[in-house]
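Read off the chains here:
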Amino acid sequence: MANRRNTSSSASSGSGRGRGASAHAPDPHAPGSQSLPGARYRRTGWAFAILGLAGMLGLREWFGISGTAGAFLHHIAAGPVGVLGIIVPLLLGALGVSMLRVHHMGALHARVAVGCLGLLTALTGMIQVGSGNPRLADGIAGLEEAGGILGWLVGYPLVVLFSSVGAFILFILLVAFSALVVSGKTIAELREILIQRRAALLGDPDGTDTLAQRALGRVRRTGAGGDDPGSTALLDSYDGDEAFRSALETEGGGRKRGNGRRKRVSAGEQPSLDPALDQAGDEATSLLDEPFVEPESTTRIASHGSSQSAPALRRSPAKRRAQDEPAAAADQAASQTAGEDPDVISAAQSWDFDAITAETPEVSAPQVTEEPDLADAIAMSDMALPDGTTYSLPEDALLGPGPGHSTRTPANDAVVEALQNVFAEFNVDATVTGYTRGPQVTRYEVARGRGVNVSRITGLEKNIAYAVASDEIRLLTPIPGKSAIGIEIPNSDREMVKLGDVLRSQAAKKQSHPLVVGLGKNVEGDYVVTNLAKTPHLLVAGQTGSGKSSFVNSMITSIMMRATPQEVRMVLVDPKRVELTIYEGIPHLITPIITSPKKAAEALEWVVREMDARYDDLASFGYKHIDDFNKAVRAGDVQPLPGSQREVSPYPYLLVVVDELADLMMTAPKDVEASIQRITQLARAAGIHLILATQRPVAQVVTGLIKSNVPSRLAFATASQLDSRVILDQNGAETLTGQGDALYLGPGASSTVRIQGSWVTETEIRSVVDHVKAQLTPEYREDVVVPEVKKQIDEEIGDDMDLLLQAAELIITSQFGSTSMLQRKLRVGFAKAGRLMDLLESREVVGPSEGSKARDVLVQPEQLEETLAWIRGDGAAPDQGESQADSQADQAPEPAAGEPRTVSLPANRYATDPLEGEADLPESQSWEDDAAEEDSQDAWSLTGRGPSW
Ligand SMILES: Nc1ncnc2c1ncn2[C@@H]1O[C@H](COP(=O)(O)OP(=O)(O)OP(=O)(O)O)[C@@H](O)[C@H]1O
């Protein structure tokens, strides 16, 4: 709305004030002129006239039907182009239709028109030459039997000048050149396409074949290695083969930015592949009129979508992904071609948009050559269920479609006008040359004039924000890969990106890896997915309500949609206790959802152990990556060592999702940090991947150590630049609009990709969860979290926990179990010191009272931390027997080279009280403890020993 107001106000200022008027004076498309009825229908009138002429010519030339004007009509068709007059009705028909459909001619139309004219010229010229080069003087009838007037014009002089052969050669060259112009490609580009097609046909991995297909391809058994269980079998390809590893896969993945290969068409030209899709588009457009869709309405759309879907069929993972392949392009087309509203285009007529084009994702046809590989790859992931059936992945239909993608709306046109006004107002020679509309923001491309400093444009940031009434604009100088400045401005009519659409896109379908998850859509409107195996660990952060949990939900749902529990297992840590409970009981879980931060820390330690175990296995069989090991296992190339009872089976990927890192870091920062560091440094090759989410992107939570080991970041909206820098090491996240608007920084990348996160409704999640749970119950690993140690903090300690800990520390470090020492050191009364001593006895820190003698100390100094944790209720009881035995035997083994030597102190190393030998003195009454006296007596009575005096 703000933008529309802006449009009208700027238009009126343009007519009322000198400067504004001069800025727009030459514009023949001024709003006023467009509103005249004559102007509005002039183009349509012309189109109908041309269609009428095409019809009459067609009747005359094709069917010989005409009235008295028959001869005249024949001259119109055949006179200019001779025998090619037969195609004139077709050409005129196409012109008429495109005039009706396209309301303004862009560069694309001009190029195609020029190319077609060249082709026509060359063909008529060839016909002229081939027909014996008739002369004009011989009469028009002769020319009409040859190449017409056009053919004569070009053919006759060339034959005279260079002979028929020379003329023919020149016309062939003209045909080739014109065909290039029509295609919009250069020879080098055509060559590249041919090479790729050829490589794809021959199955050349360096061609269009993707890593996913190669990695999951057939495993070849080699003669030498295959028979020897101890040796490593050779594989077709290894994980380490891939150069330029990238976690992100964009729908137009084959396209390169800024090289002109991206198809640029004006907004009105989008092809509709299916009439049903037009209907979807209409619905989408009506949705776009509303402000950003709230979750309630998204649920409504989702259920609407699913009700239209085909009934769910049980399909095995292998069949399912192979069958989905051809459907993907149509689905993709559905979401991309929908949403064109004639009003949108006509409203845009107030600007001359010849230069303003919207980039539309190319709809690539499914590649037949890829299918066999894909099916082959997925066949390996069929999972047998205990009842003899095969595990079936959830049907795509469970995730409903979202609204279609609009490439241009009146809101965009209003912003373009506002931007142009700002440039005019501040006398900056810059022009908006185009824009690409994404779901949440549109990126407007600005070209500067000659000699204009880029900083003059960036200096206008605040004025631009003012003009478009948004404080969330983001400037890109330049747009990566383009010599243009990008201004990202939030759409007032933003779109929702449904996870179902992302997973049905080509970007997702062409990857068979089970860890591929749907991220969302980028600013160009392309679907973006990421392979968590390549990420390989991800930090997700942003302020509350920015969309982190929605991302985590999309990610887990993606995994359930694409991977069997045999392929991916998960550890879900949800200290908030509500976010992930919906996934309780899914067979992909390796342990029940962990809600206690303490248990989570233990689970991380388990992950470290699991990682080490996997590494040992890899090392013993001679593989460097779990993928290679799994491939070899599936091919039967890995045999257990002779005599071993072990059954070798592929390792599943292990995904560890922590939904709030801050809670873990508050509980046991050092342990958690150390585990995360170890996992992140090594776990990729072991197939273990960490996803750490937090709403507190502060240095205490996202420590330097964690940052340096988690290479991929997904930043949702943050409250400040500081937070953005903590996550991304750069500004930007503070300008995001929230609700799924995110910046993704890939591993090793320096620039971020803006993404509108995919959205999955709770209803959809429930249906997917129900589907997977109905087939299999989870097999939990017992050892992930050890059963919680019964909390030893009982009421008897009450408020004395601190004192008790100090007492334990004193006694353990001094190895002297004296009550009077506690009195003096802790400045407590006799009663309280006695009670503390009894509490320590109940926890087996000291032995029973032996009259006036100091008590035996049962815990060694090196067990101090463990004991204190146990008293606090944070850990298990220290194993006293073993350590005592060790220390008493005094037979500590020689430490390995480099390891610190542990010195165990004898339990009775203090023969006498080290504290002035006061142990034998009668224990004194309380001093400096008056306030606690009353309590102390009560406390003493609690020990059950009765009064001590
Ligand atoms: N990708 C998205 N598309 C549409 N709406 C979204 C998207 N992501 C989030 N939202 C909206 O934002 C709301 C908050 O998102 P979410 O709960 O994921 O935020 P959060 O960052 O996890 O917050 P918190 O840290 O408080 O849990 C959602 O209820 C939804 O309405």
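Worth saying up front: this structure is predicted, and the values here are computed from it rather than measured.

**Q** I keep staring at the overall build of the chain and nothing clicks. Help me out?
**A** In terms of helices and strands, the chain carries 36 helices and 16 strands. Taking all 949 residues of the chain together, 44% fall into the buried category. Pairs at least 24 apart in sequence give 72% of the contacts found in the chain among residues at least 6 apart.

**Q** Is there a simple way to think about helix α32 (residues 819–826) in this case?
**A** Two residues of an α-helix separated by three or four positions point the same way, owing to the 3.6 residues in each turn. Within the span of α32, buried status applies to T819, S820, M821, L822 and Q823. Of the surrounding elements, those touching the buried residues of α32 are α31 (801–814) and α33 (830–842).

**Q** How should I be thinking about the pairing of strand β12 (residues 653–658) in this particular structure?
**A** Within a regular strand, side chains alternate between the sheet's two faces. Summarising burial for β12: six of the six residues are buried, a large majority. Side-chain alternation along β12 places Y653, L655 and V657 on one buried face and L654, V656 and V658 on a second face that is also buried. Relative to strand β13 (residues 688–694), β12 is paired through five bridges, and the arrangement is parallel. Bridge pairing in β13 places L654 opposite I688.

**Q** For this particular structure, what's the right way to read the UniProt feature "binding site: ATP" (unreviewed entry) in the chain?
**A** The residues that UniProt annotates with the feature "binding site: ATP" (unreviewed entry) are G542, Q543, T544, G545, S546, G547, K548 and S549. Note on placement: G542 falls in the loop between β10 (538–541) and α23 (548–562). Not counting the four nearest positions on each side in its chain, G542 is found in contact with G547, K548, Q695, A715, F716, A717, T718 and A733. As for its placement among the helices and strands, G547 is situated in the loop between β10 and α23. Here G547 is in contact with G542, F716, G738, Q739, G740, A742 and G757, once residues within four sequence places are set aside.

**Q** Whenever I open this one, the site of the ligand confuses me. Can you help?
**A** Surveying the vicinity of the ligand reveals 16 residues, the closest of which are T544, G547, S549, S550 and G740. Ranked by residue count, the leading element in the shell around the ligand is α23, at three residues. Looking at side-chain class alone, the shell around the ligand contains four nonpolar, eleven polar and one charged residues.

**Q** Mind showing me how you'd approach the UniProt feature "transmembrane region" (unreviewed entry) in the chain here?
**A** Those residues carrying the UniProt feature "transmembrane region" (unreviewed entry) are residues 45–65, 77–100, 112–129 and 149–182 in this numbering. Secondary structure content for residues 77–100 is 75% helix and 0% strand, and the end C-alpha separation is 22 Å.

**Q** Would you explain the pairing of strand β5 (residues 441–448) in this entry?
**A** The element β5 is extensively covered by neighbouring structure, given that six of its eight residues are classed as buried. Two elements, strand β4 (residues 430–437) and β5, share seven bridges in a ladder whose sense is antiparallel. Bridge pairing in β5 links Y435 to Y444. Turn length for the β4-β5 hairpin, with the two strands adjacent in sequence and antiparallel, is three residues. Here β5 runs beside strand β7 (residues 485–490); their pairing, made up of six bridges, is antiparallel. Looking at β7, one finds that R443 is bridged to E488.

**Q** Please explain the packing of α31 against α33 as it appears in this structure.
**A** Two packed helices can be described by the angle between their axes and the distance between those axes. Interaxial distance between α31 and α33 falls to 10 Å at its minimum, and their mutual angle equals 75°. By the criterion of interaxial angle, the relationship of α31 to α33 is roughly perpendicular. Between α31 and α33, the contacting residues are L803, L804, A807, A808 and I811 on the first element and L836, L839 and L840 on the second. For the contact of α31 with α33, a count of residues per class yields eight nonpolar, no polar and no charged.

**Q** Whenever I open this one, unusual backbone geometry confuses me. Can you help?
**A** Residues apart from glycine generally show negative phi values, whereas peptide bonds are mostly found in trans. Cis geometry marks the peptide bond from T477 to P478, where omega comes out at -5°. Residue position: P478 is located in the loop between β6 (474–476) and β7. Look at the link from T535 to P536: it is a cis peptide, with omega at -25°. Topologically, P536 is positioned in the loop between β9 (527–531) and β10. Within the chain, R577 stands out as a residue other than glycine whose phi angle is a positive 70°. Residue Q815 is not a glycine yet carries a positive backbone phi of 55°. For Q815, the position within the fold is in the loop between α31 and α32.

Definitions and cut-offs
- Residues numbered from 1 in each chain as written.
- Predicted model: local features only at pLDDT ≥ 70, side-chain atom pairs only at ≥ 80, totals over all residues.
- Helix = DSSP H or I, 4+ residues; strand = E, 2+ residues; numbered from the N terminus.
- Buried ≥ 20, exposed ≤ 12 C-beta atoms within 10 Å, placed from the backbone.
- Contact = placed C-beta atoms within 7 Å.
- Pairing = 2+ DSSP bridges.
- UniProt positions renumbered as here; feature names shortened; annotations may be inferred.
- Near = placed C-beta within 6 Å.
- Nonpolar A, V, L, I, M, F, W, Y, C, P; charged D, E, K, R; others polar.
- Axes fitted to C-alpha atoms, helices over the stretch in contact; angles between N-to-C directions.
- Parallel < 35°, antiparallel > 145°, perpendicular 65-115°, else oblique.

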